[in-house]
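Structural features, examined
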Amino acid sequence: AKGESRGTCRCFESDLDAAAQEKTRLEIDFREALRKNQLEVHYQPLVALATGEVQGFEALLRWRHPVRGPVSPDVFIPLAEEMGLIDTVGRFVLNAACAEARKWPDHIQLSVNVSPLQFRNGNLTSTVIAALTASSLAPGRLELEITEAVLMEKGPRPSAIIRNLRAFGIGISLDDFGTGYSSLGYWLNFPFTKIKLDKSFILNLEGETNSRAVIRAVIGLGKSLGLTVTAEGIERETVRDYLRDEGCMQGQGYLFGRPQPGPEALRYLKDMGHS
Ligand code: C2E
Ligand code: CA
Ligand code: CA
Ligand code: CA
């Protein structure tokens, strides 16, 4: 098609080429980052809305590209999934985060995000147990955050793995709740311990009556099922107060703290009166 292309058409083609080249470059760089230990786990506080106490941290992976600067996990996690590297990445995060959480007081929980693809090869349970064993972190202090996409994985596997992890005492949190498509009846069969209300509902809460209705419904659902409901994306005190008054138990957001490196999270705990 090269001979035919001219004008805007040629521009379009070279744009596509440029995008493909760009992606390939990013893939090469990501592979190198993984090899050279340029990935770092940060920790964002999870706070009890009633008391303001820190209850745990969510581990969030960071990649600072030597030239481009910080790359969003919304970019490099899908990249890692496509490249077949998500198991390696997932193992790195679990090991690093469990080792870090071992430095925290015993009542502080650790939440780690798990990709649906990590449910595919059957190694997830052993990876998790290995990370807990290596750090001697009690299984009850770990919670895995999964999304509805896990439930869409075919076969009985995901539910068997989830049950198995629960049997070890590991918590399972349903992340980004309210953004997916699965029916309520479907995911209710899974032994979740927590629901995380997606930040899209929280961020546009003010003046958004629909968001308020969803928030109220999910909090009610959590209550009747005996599950913790966590609201993410809390940036303002008014939003925190609203959620607390609605009966939401736990919150996460820039108001309480940004995702921060391990040593800063430790200092945050000290500053908040947890030794
Ligand atoms: P997520 O699991 O839903 O994580 C919450 C995201 O909300 C994080 O974005 C966090 O920085 C952001 N956030 C927290 N509080 C606020 C707030 O008050 N306002 C706003 N606007 N945003 C807030 P982040 O760190 O960029 O991560 C994006 C996504 O990448 C995560 O969404 C998760 O799906 C994925 N991810 C990050 N780390 C990992 C990981 O280690 N493994 C896997 N599989 N996925 C990860
Ligand atoms: Ca999450
Ligand atoms: Ca989320
Ligand atoms: Ca998300």
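Above this note sits the structure.
Residues numbered from 1 in each chain as written. Chains lettered and ligands numbered in written order. Predicted model: local features only at pLDDT ≥ 70, side-chain atom pairs only at ≥ 80, totals over all residues. Heavy atoms only, no water.

**Some remarks on the overall build of the protein chain**
Looking only at helices and strands, one finds eleven helices and ten strands in the protein chain. Against the globule reference of 19 Å for 275 residues, the protein chain gives a C-alpha radius of gyration of 20 Å, in line with a compact fold. Taken over the C-alpha atoms alone, the protein chain extends approximately 70 × 45 × 45 Å along its principal axes. Buried positions account for 46% of the 275 residues belonging to the protein chain. Long-range contacts, defined here as pairs at least 24 residues apart, represent 68% of the contacts in the protein chain between residues at least 6 apart. Averaging the positions of the 32 positive and the 34 negative side-chain charges in the protein chain gives two centres separated by 4 Å. (Helix = DSSP H or I, 4+ residues; strand = E, 2+ residues; numbered from the N terminus. Rg over C-alpha atoms; globule rule 2.2 N^0.38 Å. Buried < 20%, exposed > 50% of the residue type's maximum accessible area, 1.4 Å probe, protein only. Contact = heavy atoms within 4.5 Å. Lys, Arg positive; Asp, Glu negative; His and termini not counted. Charge placed at Lys NZ, Arg CZ, Asp CG, Glu CD.)

**A short note on the coordination of the calcium ion (ligand 2)**
Donor atoms from the polypeptide that coordinate the calcium ion (ligand 2) comprise Glu58 (OE), Asn113 (OD1), Glu145 (OE) and Asp175 (OD), at 2.1 to 2.3 Å from the metal. In the primary structure, the donors to the calcium ion (ligand 2) are separated according to the pattern E-x54-N-x31-E-x29-D. A gap of 4.0 Å separates the calcium ion (ligand 2) and the calcium ion (ligand 3), which Asp175 links by coordinating each metal. With Glu145 in strand β5 (residues 142–146) and Asp175 in strand β6 (residues 171–177), this pair connects stretches of sequence that are 30 residues apart. Assigned by exposure class, Glu145 and Asp175 land together as buried. (Donors = N, O, S within 2.8 Å, 3.2 Å for Na, K, Ca; no water.)

**Quick look at the site of ligand 1**
Around ligand 1 sit 23 residues, and of these Gln44, Arg62, Asp175, Glu235 and Tyr254 come closest. Within the side chain of Glu58, one N or O atom sits 3.3 Å away from an oxygen atom of ligand 1. Here an oxygen atom of ligand 1 sits 3.1 Å away from a polar atom, N or O, in the side chain of Asn113. Computed on the free molecule, ligand 1 has an accessible area of 800 Å², of which 87% lies beneath the protein chains in the complex. Sorting the residues of the shell around ligand 1 by element identifies β2 (54–65), α2 (73–82), β6 and α8 (199–203) as the ones contributing at least two each. If you tally residues by element for the shell around ligand 1, the top one is β2, at four residues. Tallied by class, residues from the shell around ligand 1 come to ten nonpolar, five polar and eight charged. (Near = heavy atom within 4 Å. Polar contact = N/O pair within 3.5 Å; in protein donor to acceptor, adjacent residues only side chain to side chain. Areas by Shrake-Rupley, 256 points an atom, 1.4 Å probe, with all protein chains shown as cover. Nonpolar A, V, L, I, M, F, W, Y, C, P; charged D, E, K, R; others polar.)

**Observations concerning the pattern of salt bridges**
Applying the stated criterion across every chain, the model contains 13 salt bridges. Among the salt bridges present, the one from Glu246 reaches Arg216, with a minimum N-O distance of 2.7 Å. One end of the pair, Glu246, is in helix α10 (residues 237–246); the other, Arg216, is in helix α9 (residues 209–225), with 30 residues separating them in the sequence. Connected via shared salt-bridge partners are Arg240, Asp241, Arg244 and Asp245. (Salt bridge = Lys/Arg side-chain N within 4 Å of Asp/Glu carboxyl O.)

**Remarks on the pairing of strand β1 (residues 39–48)**
Where burial is concerned, most of β1 is hidden: nine out of the ten residues are buried. Where β1 meets β2, nine bridges bridge the pair, whose relative direction is antiparallel. Its bridge partner lying in β2, Leu39 is registered against Trp63. Once β1 ends, the chain turns through five residues before running back antiparallel as β2, passing Gly52 with a positive phi of about 80°. Relative to strand β9 (residues 250–252), β1 is paired through two bridges, and the arrangement is antiparallel. By the bridge assignment, Ala48 is partnered in β9 with Gln250. (Pairing = 2+ DSSP bridges.)

**Things to note about the pairing of β5**
Summarising burial for β5: five of the five residues are buried, a large majority. Judged by which residues are buried, β5 turns out to be covered on both faces: Leu142, Leu144 and Ile146 on one side and Glu143 and Glu145 on the other are all buried. Crossover handedness for the path strand β4 (residues 109–113) to helix α4 (residues 124–135) to β5: right-handed. One ladder, built from four bridges, connects β5 with β6; its direction is parallel. For Ile146, the partnering residue across the bridge sits in β6 and is Leu174. (Right-handed = clockwise from strand over helix to strand, strands pointing away.)

Limitation: the analysis is restricted to geometry and does not speak to function.
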